[in-house]
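Residue-level structural notes
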Amino acid sequence: MSVAVVVVLVVLGALLALLIARLVARVVIALVVVVLAIVVWQQRSHVEDEVAEHACRVDTTYFGIHVDPPDLARCRN
């Protein structure tokens, strides 16, 4: 009887470990996605602010890469 209890406890422990690991992984993935969304939104706002502030003279970066917003095509003509 005691062997059966030990086996049941080991199986239950293994199942709980798998469940907890999956939950923790989902929480970590959700946090990473939220942080990335916030960072991307801030960068987007930065580019918009630069365009609004400097009109046709924009020298801004998006994650360190120089970008020319699409609205600047009319400034080159």
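Thresholds, definitions, all that
- Throughout this document, residue positions are counted from 1 along each chain, in the order its sequence is written.
- Selection of residues for local features in this predicted model requires a pLDDT of at least 70, selection of side-chain atom pairs for listing and counting requires 80 or more, and totals for whole chains, interfaces and linings are taken over all residues.
- Each side-chain value is derived from all of the structure's non-hydrogen atoms; neither hydrogens nor water enter the calculation.
- Secondary structure counts use DSSP, requiring at least four H or I residues in a row for a helix and at least two E residues in a row for a strand, with both numbered from the N terminus.
- Note on classification: 1.4 Å probe, protein chains only; a residue is buried when its accessible area is under 20% of the maximum for its type, exposed when over 50%, partly exposed between these limits.
- Any two residues whose heavy atoms approach within 4.5 Å at even a single point are treated as in contact.
- Per-residue accessibility takes into account occlusion by the displayed protein chains alone, with areas from the Shrake-Rupley method and a 1.4 Å probe.
- Across the chain, each position has a pLDDT score giving the predictor's confidence in that residue, from 0 to 100.

**So, the overall build of the protein**
- Counting its secondary structure elements, the protein contains two helices and two strands.
- Put simply, the protein runs from its N terminus to its C terminus through helices and strands in the order α-β-β-α.
- Of all 77 residues assigned to the protein, the portion counted as buried reaches 8%.
- Counted over contacts in the protein with a minimum sequence separation of 6, partners at least 24 positions apart contribute 3%.
- When the accessible surface of the protein is summed, it comes to about 6,500 Å², and 71% of that surface belongs to carbon and sulfur atoms.

**Topic: the confidence of the model for the protein**
- In this model, the protein carries a mean pLDDT of 83, and residues with pLDDT of at least 70 account for 81%.
- Here helix α2 (residues 73-76) stands out as the least confident element of the protein, with mean pLDDT 60; helix α1 (residues 2-54) is the most confident, with 90.

**Quick look at the environment of Asp-49**
- Looking at the element boundaries, Asp-49 is found in helix α1.
- Residue class for Asp-49 comes out partly exposed when judged on its relative accessible area of 49%.
- Asp-49 sits 11 residues away from Thr-60 along the chain, and the two C-alpha atoms are 9.8 Å apart.

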